[in-house]
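# Structural characterization, general
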Amino acid sequence: MNILDGKEVSTKIKEDIKVETAAFTAASGRKPHLVAILVGNDGGSETYVASKMRNCELVGFESTNIRYDVEVSEAELIAKIQEINKDPNIDGLIVQLPLPAHIDPDKVTEAIDHRKDVDGFHPINLGRMQRNLPCFIPATPYGIMLMLAHYGIDTAGKHAVVVGRSNIVGSPMSILLARNSNPGNCTVTLTHSKTKDLKTEVLRGDIIVAAIGKKNFVTADMVKDGAIVIDVGINRENSTETKSGFKLYGDVDFDNVAPKASWITPVPGGVGLMTIVGLLKNTLEAAKGTIY
Ligand code: GUN
């Protein structure tokens, strides 16, 4: 069993981004600038946005966090997005999800100029991704592809089983793995809550991507020997054992699955760190104008 080490890969790629950013800033006289909008005070979202902002500073970007009370109206939020769309000093804009129930995430996503949509959630970016055209790729799937590439894992012809069909991870992941690209060229099964006999489906996976949001959901009896196991889960539980007051669990029962896997990502220290890398790469591309 080998570990797909998010810490090692993300550190290396961030060093590359830092060098490229310094060159961009020297040539243009300005830093790439990411704005993150956070609505309400969900603990997980606060942590993720803080980490995104910290990593922006680390690689030499400017970052701005705009915060709204949970009561903010959809109209007010969209008006702010439209203002940012027009601001030439802002390269990338993300709105942290989930949003409160009274705000339609699809309306918000479509309000963002697709040329600043560094989350890659806008239908234009998703459509272009499906067609293998230059676009912003959603950060988590992008990070996973960068990790597979870093370790030189040959995915061509393999059967990939994605568990979970979210707009953020499962659905775009299934598209990327099936694309005619490297990594890619997989035969993909996308499973979800209505899938019949999920265990049989997951057992067919040479590659398993677990993105379901349930602690220890993928157990050893669902994994074939030698599988490559990618754990996207970040399930937070309160804990007195850690300084932060919570502990993270993946969607995969790591202790029992790892001995069967050829490669596996840990939680923490796996995919989560790669999501940040995907976002940073997209933001740098947005600033350089190489995609649009
Ligand atoms: N919530 C969970 N993951 C993400 C992400 O990648 N981007 C945004 N905007 N919200 C999220």
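As a starting point, this report considers the structure included with it. Source: prediction; values computed, not measured.

## Digging into the pairing of strand S7 (residues 207-210)
Alternating residues of S7 divide into Ile207 and Val209 and Ile208 and Ala210, and every residue in both groups is buried. Pairing between strand S5 (residues 159-163) and S7: four bridges, direction parallel. Looking at the pairing, Val162 lines up with Val209 of S7. Bridge analysis of S7 against strand S8 (residues 228-231) gives four bridges, and the strand direction is parallel. Bridge pairing in S8 places Ile207 opposite Ile228.

## Looking at the pairing of strand S6 (residues 187-191)
Two elements, S5 and S6, share five bridges in a ladder whose sense is parallel. Following the sheet pairing, Ala160 is matched in S6 by Val188. Of the crossover connections in this fold, the one passing from S5 over helix H7 (residues 170-178) to the parallel S6 is right-handed.

## With respect to the environment of Leu176
Inspection of the secondary structure puts Leu176 in helix H7. The class for Leu176 is buried, based on 24 C-beta atoms found within 10 Å. In sequence terms Leu176 and His33 are 143 residues apart; their C-alpha atoms lie 27 Å from each other.

Analysis parameters
- Residues numbered from 1 in each chain as written.
- Predicted model: local features only at pLDDT ≥ 70, side-chain atom pairs only at ≥ 80, totals over all residues.
- Buried ≥ 20, exposed ≤ 12 C-beta atoms within 10 Å, placed from the backbone.
- Helix = DSSP H or I, 4+ residues; strand = E, 2+ residues; numbered from the N terminus.
- Pairing = 2+ DSSP bridges.
- Right-handed = clockwise from strand over helix to strand, strands pointing away.

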